[in-house]
Amino acid sequence: ESALAAEDRWLRSACCIGLDQQALQHFALSLGNGIGGYLHRQGRILRAGSQDALASREITKEFQLLGAQVAIPILDRHSLLGVAVFDERLTGEPYSNEELSIIFHMLEEVGLAIRSAWQHSQLETNYAMVADVLSHLGTGCMVVGSNMSVLHSNSALTKMLGLEHLRGTPQFSDLPQRIGSLVFSTIKTGETPAPFKHQFSHAPDRHYRVSILP
């Protein structure tokens, strides 16, 4: 559901096929020892009958508890995100090295997708927080994307533009021509114009200070 915290040293069951999910509610693989610890340190496929597995009582016990024969790390090319544990085929035949290699690389793509999903979720959270802060500012604020679309506009700006009757977000075309031209130039050149004063036609008795930042 989310990236592992630095202090979280356990991998808990996310899903399973052929096992009782309720039986795994209180089961977890440690990143310090056992199957989880080995894959965390080595990042390699581990078979239950390998010398490394048989030399560890903890690994052997976990393989027996899960009824599995092979454990494959789920990586994002940088770190361990999880572990996929498989039993043999229904016919009792083990997986070949070629098949395990294919599964390993497939799970690596899954790991990259998981990492991307976490990052997207984090960006959404950060954006929501920034949008909440900007919406409560007394200063009018509009964020314009490189394609001239409005990414954010707070209620203070809506009032300054005299668009309180609008139900939606003010658009780029709602800006006065002078301000809109400078915003367009700033986006295209990346140069910051000097702050200036502006009077809106609907409020000629008020002077506003306008700052445009790339």
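Look up: the structure comes first, before these words.
This text gives an overview of the structure that appears in the document. (Residues numbered from 1 in each chain as written. Predicted model: local features only at pLDDT ≥ 70, side-chain atom pairs only at ≥ 80, totals over all residues. Heavy atoms only, no water.)

## Quick notes on the overall build of the protein chain
If you tally the helices and strands in the protein chain, you get six helices and nine strands. For the protein chain, whose C-alpha radius of gyration is 28 Å, the value lies well above the compact-globule estimate of 17 Å for 214 residues. Along the first, second and third principal axes, the C-alpha atoms of the protein chain reach 85 × 35 × 30 Å. In the protein chain, 40% of the contacts between residues at least 6 apart in sequence involve partners at least 24 apart. (Helix = DSSP H or I, 4+ residues; strand = E, 2+ residues; numbered from the N terminus. Rg over C-alpha atoms; globule rule 2.2 N^0.38 Å. Contact = heavy atoms within 4.5 Å.)

## Considerations on the packing of aromatic side chains
Within the structure shown, the criterion is met by two aromatic pairs. Plain terms: the ring middles of Phe86 and Tyr95 are 6.4 Å apart, the flat faces sit at 65 degrees to each other, and that makes the pair edge-to-face. Judged by its relative accessible area of 28%, Phe86 is partly exposed. Classification of Tyr95 as partly exposed rests on a relative accessible area of 22%. (Phe/Tyr/Trp six-rings, centres within 6.5 Å; stacked < 30°, edge-to-face > 60°. Buried < 20%, exposed > 50% of the residue type's maximum accessible area, 1.4 Å probe, protein only.)

## Examining the pattern of salt bridges
Considering all chains together, one arrives at two salt bridges under this definition. Residues Asp76 and Arg115 are paired through a salt bridge, measuring 2.7 Å at the closest nitrogen-oxygen approach. Of this pair, Asp76 sits in the loop between strand E4 (70–75) and strand E5 (80–86) while Arg115 sits in helix H4 (residues 97–135), and the two are 39 residues apart along the sequence. (Salt bridge = Lys/Arg side-chain N within 4 Å of Asp/Glu carboxyl O.)

## Thoughts on the sheet that holds E4
Strand order in the open sheet formed by three strands is E3-E4-E5, and the pairing between neighbours is antiparallel. Single-partner strands in this sheet number two, and they are strand E3 (46–47) and E5. Pairing between E4 and E5: six bridges, direction antiparallel. Bridge pairing in E5 links Ala71 to Val85. On the sheet, helix H1 (residues 34–42) packs against E3, E4 and E5 and is oriented at approximately 125 degrees with respect to E5. (Pairing = 2+ DSSP bridges. Axes fitted to C-alpha atoms, helices over the stretch in contact; angles between N-to-C directions.)

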